[in-house]
Amino acid sequence: MPSLELNGVAVNFPFPPYDCQKDYMTKVLECLQKRQNGVLESPTGTGKTLCLLCATLAWREHFRDTISARKIADRLKGEEMFPNAPLASWGTTATDGDKPMYYTDVPKIIYASRTHSQLTQVISELKNTSYRPKVCVLGSREQLCINQEVMRQESNHVKVHMCRAKISTRSCPYYNNVEERSTDRDLVNSILDVEDLVKFGIKQRACPYFLTRSLKQQADIIFMPYNYLLDPKSRRAHNIELNGAVVIFDEAHNVERTCEESTSFDLTPYDVASAISAVDRLLVEQAKEVHRGVAEDFNVESLGSGLKLDLATVAKIKQILLDLEAAVDSYDVPSDRGVTKPGIFIYELLERAHLTYQTKTAVYDALEQIILHLAGQPGVFLSTSGLQKLADIIQLVFCGEPPEPERQKQMEFNTTHFKVHIHRDTSSYKKKPTTDLWASSSSKKQGNILSYWCFSPGFSMQDLLNQGVRCIVLTSGTLSPLSSFTSEMRIKFPVLLENGHVIGRDQIFVSVVDRGPDGVHLSSAFDRRFIPENMASLGNTVANLSRVVPHGLLVFFPSFPLMEKTLEFWRANGHANRIENIKPMFVEPKGKGSFNEVMDGFYSKVTDPTSKGGSFFAVCRGKASEGLDFADTFGRGVIITGLPFPPKLDPRVVLKMQFLDEMCRRKAPGMKFLSGQEWYRQQAFRAVNQAIGRVIRHKEDYGAIFLCDQRFKSSDARANLPSWVRPYVRLYDGFGNVVRDVSQFFRVAQKIRPVAVKTPAAEASAAEASAAECLAEASSFSSCSSSGSCYAQKATVLDVHLPSLKRRRVDENGGASGIAKICIDYESEVQVSRRKPANLLDALDRGDRCHGDHAAGDDQDNRLSTLSLQHEKRMEDELRGGKRKIKLVQEQKLSVLEDVSKDDKDGRARQFLEDMKTSLSKENFDRIVQALQTYKKSDRLDLLLTETHVLSEDENTHGLLRGFYQFLRPHHKKSFDEKCRELTGRGCGYKPDHSLSKDEKKAVILQSGSAPKNQVHSAFLADVKSALGAEKTSRLFQAVHGYKKTDSYEDLVTTVVSLFTERDEDFHLLIRFGMFVRPHHKKRYEEMLDALIGQPGSAAEVLNEEQQQQKQQGEDRKQLNMRLGQDQ
């Protein structure tokens, strides 16, 4: 393993480090050696975690070597052991002049990250290094307890107290084995994460939670979520010793919020009422025992605690709760806003409930004993969350043990960065626990909420420094701007680093998209976000970008409400269908329950070799924006749809801004505060930067970033972007230029860094095998049709693909399972069987014979393309599958004179029948079948319309009604189109040439072969005017005339792309427009079309095919004229 020397320390690194990695490790060592705090930003993908571990552990070994050297020197009494390496050169840089003499002086490393899942990744990185320190991972009982009786309890604090009760009575068999197993070699010498610890505990029947307590004493590096450090209660509970320790916060962009939340609380009416109910129950229980003469006070020795409480003490606790409730509710609070007081007011309010520094210890001890007693009662559950909340409040508010003369000073110091806010409870108790079956009616009344909010993360940071830590290192991929971040922390950070990235210019594309394809300005500002034109333009923008971004596309919204409203608008107006047909949509859920299923579906869709990828819609500050891996094809592009400012009317946000403004006005010497407005902007851009970080995950990755809000055009906004992004930001005058340049970017990137070819699962599922016989006999579509045909055989395992049902494998031996299976099935290519049905009715008959046994239970299965939009694919597929949409548009609309191929027609007939069978009842399906047979024999359209009228009654089957248009005889198409428009509000796209018979079409083709060129142009322009309208057609004319004068290809393409990509049905016009492009620009135009179509060479083939067709028509015309001349 390569070794390099940095700041006099030999660092073993798994591979030769990049310059930015050397810079990062040098800064880490500077913090450790000089005992200085540091804020280090290094983009995701630069190996930040690996550098942090290697540098820190190398320094720790160097520190230890220094102690060894001094011990040897003492033994040698001044003699040099190695003349060429005097003692003075041994490790002095590691200790900055310290002279430690004992190995116990070697600092422990406290490594904190936001969640245990992130810590698991860190431990995985540690295993890749050459370092093997003694490791300990701290967790809660929630994660580590393996006693099933304890884990069955609903609330965490009840688990805590039941665990304590079992320990005190030694009735937990797992705890009893801890001492024996704590020295196990596999435990002590291995690097284990939480999951490994639980497996070890189950195997050895020893409690993992208390094993970590034992490991912590000897550990060199201790891993924990950072709320364990920042929350004083958790720190005491886990007995974390910080004196002399090195404290590292990884993923520190969330530290500010965690610091504030860990020292804040909200006491609701429910909390107080449930605490009163719990104490009431205890009083009744003990009063009965006294009445029976059992005892005048109850003894908790039954739990093994050895503690006693008399009834008078319990009654005092109840009185405290009643007085606290009365004190909080005594304020007449306006419904729209609350009452705000300085932080020190909390002592005045609690004193009215007899809670002071003098009484705090007695009250806290009594609360703990009551909770312990109630938690230990067998067979009885009573919510003690309110009692626990009060105990936590006492610990938080009455911190410190000041003597009487200094008490006022201590209280002022404790509350400097706090505000007390009393406001009405408007939650209607939606968040109440439902497990308290004995809650009294008093717990259901409304009242006031007492909030005690911290507004400075520096309060917690200063508390850490007071514990005597050696240094604090904060690091993340998104801490910019560093100056504002450090000023919030309220402690000095002499060591700063804003690191560069390991990627090159050809790996990143950043564009500010201030206007959509239709020219409408994009903005998520409060006054514009819900304007229909803005939402429509954003939908067009996402749909068009989904064409040019390969594989996975991430779309981030500022908030859940904005995302939900926008998606609802897109569903109603067709934008969602456009995106869905190109990249199936997956939406981040609000709850945790279905998140993994949605992510699995997205990953499976992107890796499906037959799909064009997937699109994932999420929110800034949501789970998807926080550390999830969207490397390589999973995140080739990220769209930021707006600036995620905090809700400005939220009381906590308002008070935070007011607090910062107050601090700025005071201007404390040597301290710099953000203003309220600066903090407000900082929060938005930090969330944006975190979302942007999803796109580039390692040195070989590449991707595009689209900032779709006009406010990103300002220089101030761009200055708040990460340093590795700022140099690459491009501003554009029109949307067409964005499409052109990003197409070129991905074309070059894919050539330089080709992606391995994706291959489908090698083995077919058992259900697919059983369907093979039906395919051979009835020549229906394969179950892997691009529009989801022939899914009847999957109906029996439909629950595999729905996150609301239990997940399990479809086929234990298959190559794909669960959501991956449905995603692979849905987008696979169409396979035409050997024996084709002659027409719609033949397909219908044979489809019945093939699938009659499998039709039951097939509801919706063939439409599950995504897990978003209620996990259903919208039925507006309209005659063509999502995967082949652009291709079919080309085939059907490139020229009205082109005959539809027989194979394509047969395929559409079979697919249409499958869609009808899965959407209609058997009775309606049979009636329509009979009507089709009658129509075939009698040519009576009126009878067919009568029976198909049922399809117009449900909006979801309107597409099926219009689908009949493609199979009607030419002389009925116009009448049917008018009838559909009358019934559904939308026609079938009728054009006069649709009423021509085959012979008539051939005649037109022959005639057009000798038509002058200007007639072809006139026909095209007529189609343009019909599709775009007068205003947009005028814009096109101006662009063409300008092109003729200036030969500016860029200006032409900007206008053309914006006009012809706004709607999918106009895309064929973009292809046909190639006739106006001059020869020296043809190649660039074809490359742009290839990028939009997603199939290299497709555009050239289409254009060449059109030219060949015109040429062939001319030849046919000449031959016809010659024959006519010979006949004459």
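Reading guide: rules and limits
- Residues numbered from 1 in each chain as written.
- Predicted model: local features only at pLDDT ≥ 70, side-chain atom pairs only at ≥ 80, totals over all residues.
- Heavy atoms only, no water.
- Pairing = 2+ DSSP bridges.
- Helix = DSSP H or I, 4+ residues; strand = E, 2+ residues; numbered from the N terminus.
- Axes fitted to C-alpha atoms, helices over the stretch in contact; angles between N-to-C directions.
- Contact = heavy atoms within 4.5 Å.
- Salt bridge = Lys/Arg side-chain N within 4 Å of Asp/Glu carboxyl O.
- Buried < 20%, exposed > 50% of the residue type's maximum accessible area, 1.4 Å probe, protein only.
- Left-handed = near helix turned anticlockwise from the far one by under 90°.
- Nonpolar A, V, L, I, M, F, W, Y, C, P; charged D, E, K, R; others polar.

A. Looking closely at the sheet that holds strand β4 (residues 109-113). Spatially, the seven strands line up as an open sheet ordered β5-β6-β4-β7-β14-β3-β15, and their pairing is parallel. Here the strands that pair on one side only, and so sit at the sheet edges, are β5 (135-137) and β15 (495-498). Strand-to-strand twist across the sheet, computed as the mean angle between neighbouring axes with direction ignored, equals 15°. Note that β4 and strand β6 (residues 221-225) share five bridges and pair parallel. Considered in β6, the bridge of I110 is made with I222. Across the sheet, helix α12 (residues 208-218) lies against β5 and β6, angled at about 140° from β5, the strand it touches most.

B. Representation of the pattern of salt bridges. If you walk through the whole model with that rule in mind, you get 36 salt bridges. Between D701 and R636 there is a salt bridge, and its shortest N-O distance comes to 2.8 Å. Here D701, found in the loop between α29 (676-692) and β21 (703-707), pairs with R636, found in the loop between β19 (614-619) and β20 (637-640); they are 65 residues apart in sequence, far enough to count as distant. Side by side, D701 and R636 carry an identical accessibility label, which is buried. We note a salt bridge from R753 to E700, for which the minimum N-O separation is 3.4 Å. Of this pair, R753 sits in the loop between α31 (735-752) and α32 (766-778) while E700 sits in the loop between α29 and β21; the two residues are 53 residues apart in sequence, bridging distant segments of the chain.

C. Region of interest: the packing of helix α23 (residues 482-489) against α29. Across the interface, α23 lies against α29 with an axial gap of 11 Å and an inter-helix angle of 120°. In the packing of α23 onto α29, the handedness of the crossing is left-handed. From α23, S484, F485 and E488 reach across to α29, where they touch W679, Q682 and R686. When its residues are assigned to classes, the contact of α23 with α29 shows two nonpolar, two polar and two charged.

D. Expanded view of the sheet that holds strand β16 (residues 508-512). With parallel pairing, the seven strands of this open sheet are ordered in space as β18-β19-β17-β20-β21-β16-β22. The open sheet has two free edges, formed respectively by β18 (585-587) and β22 (729-731), since each of these has just one partner strand. Averaged over all pairs of adjacent strands, the angle between strand axes in this sheet comes to 20°, irrespective of strand direction. In terms of strand pairing, strand β17 (residues 552-557) meets β19 through six bridges, oriented parallel. The residue bridging L554 from the neighbouring strand is F616, located in β19. In the packing of helix α25 (residues 560-573) onto the sheet, the strands contacted are β17, β18 and β19, and the crossing angle to β19 comes to about 140°.

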